[in-house]
Amino acid sequence: MTDARERREERGGPDRLYERLKEFVGRPAATAGVGKDPVNEPMIRHWCEAMGDTGPAYAGPDAIAPPTMLQAWTMGGLSGHTDRSEAYEELFGLLDGAGCTSVVATDCEQEYLRPLRPGDRITFDAVIESVSERKTTKLGTGYFVTTRMDVRAEGQLAGTHRFRILKYAPAAAKRTARPGGRSPRPRPVINRDNAGFWQGVAEHRLLIQRCGECATLRFPWLPGCNACGCQEWDAVEASGDGTVFSHVVMHHPPFPAFSASDEGGPYAVALIELAEGVRMISNVIGVPYDKVRTGMPVRLEFLRADPELELPVFRGGEG
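Residues numbered from 1 in each chain as written. Predicted model: local features only at pLDDT ≥ 70, side-chain atom pairs only at ≥ 80, totals over all residues. Heavy atoms only, no water.

1. Some thoughts on the packing of aromatic side chains
Summed over all chains, the structure comprises five aromatic pairs. An angle of 25 degrees between the planes, with centres 4.5 Å apart, marks the rings of Y88 and F92 as stacked. In this pair, Y88 and F92 both sit in helix 4 (residues 86-97), four residues apart, roughly one turn of the helix. Owing to a relative accessible area of 13%, F92 belongs among the buried residues under this scheme. On the numbers, 5.4 Å between centres and 65 degrees between planes, the contact of F197 with F219 is edge-to-face. Note that F197 is positioned in helix 5 (residues 195-202) and F219 in the loop between strand 8 (217-218) and strand 9 (233-237), a separation of 22 residues in sequence. There is no split in this pair, since F197 and F219 are both buried. An aromatic cluster is defined as three or more aromatic residues linked by ring pairs; in this entry it consists of F197, W198, F219, W221 and W233. Between R279 and the ring centre of F245, over which it is positioned, the NZ or CZ distance is 3.6 Å. (Phe/Tyr/Trp six-rings, centres within 6.5 Å; stacked < 30°, edge-to-face > 60°. Helix = DSSP H or I, 4+ residues; strand = E, 2+ residues; numbered from the N terminus. Buried < 20%, exposed > 50% of the residue type's maximum accessible area, 1.4 Å probe, protein only. Lys NZ or Arg CZ within 6 Å of the ring centre and 35° of its normal.)

Listed below in structure tokens is the structure:
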């Protein structure tokens, strides 16, 4: 009887699970949370270096933290969270028990009310703001759960952070093989902000944005300059020379589409520092994965991944 009822619900019948899930809306997800570290200069510096953000407001004696770091000060780190509520754990237990054991973050919204400065102590509370009705996506069928976190600095509201995830039961995998029997690579997301970059790739040109106001180069492509905020820009073509700034070797999961051969790996993924000073992520080809080294010189090439996709990669040389 239970299986028959679940099949009826999957076909659009009453969703009894949703009736239980929506009872959690408005209940706390975290209470009296405390940031593991105060706002501090080292974390601000690391964030700015990782993001390539050279904004003058984030350095010096009167520095503030980049507003987009709001969530960073509330994260649990490798040791995890200790402040999640019973309601939060119960909600996710229900979803797990219904087979919605996978999770993917879908989007977030932030509102900034007060700048954060080194030394500020962070506290926060979170509430389960909404649970969607059952939704079917390409990933699978499940429920969107939105939490809203109020972040305070020294007791004053500094910002809000809405975070939405999809808890879902994975759909059965559908394999799409290309000629020769191998699956194609996932398609890049092309939108109005980066369409010019992909047009350049189609022409075998690696284009870097240049700010129309301060001439700062930036990559990846963004709608505005991260140095001065100007939204005017043009593009310059990279020379194609670069060096390996850092790299990882991907062992798992094996995915033949990302490898030059059918075994699916291992293969090297590197952060390439271009001669122009910006960095981008790409594969290193032409050398064994275990021979890739930091500082290795590389040269741009364009790889025909399949009849519909060409990608910039970098060829390294041993020695």
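2. So, the confidence of the model for the protein chain
Residues of the protein chain with pLDDT of at least 70 account for 90%, and the chain-wide mean is 88. Per-element confidence in the protein chain is highest for strand 7 (residues 207-211), whose mean pLDDT is 97, and lowest for helix 1 (residues 2-10), whose mean pLDDT is 45. Scored below 50 in pLDDT, residues 1-11 shows seven contacts in the model against residues more than four places distant or in partner chains. (pLDDT = per-residue confidence, 0-100. Contact = heavy atoms within 4.5 Å.)

3. Observations concerning the side chain of S85
In this fold, S85 is placed in the loop between helix 3 (41-51) and helix 4. Given a relative accessible area of 9%, S85 falls into the buried group. Only 2.4 Å separates the side chain of S85 from the backbone oxygen of P28, close enough to count as a polar contact. Setting aside chain neighbours within four positions, we find S85 in contact with P28, A29 and A30. (Polar contact = N/O pair within 3.5 Å; in protein donor to acceptor, adjacent residues only side chain to side chain.)

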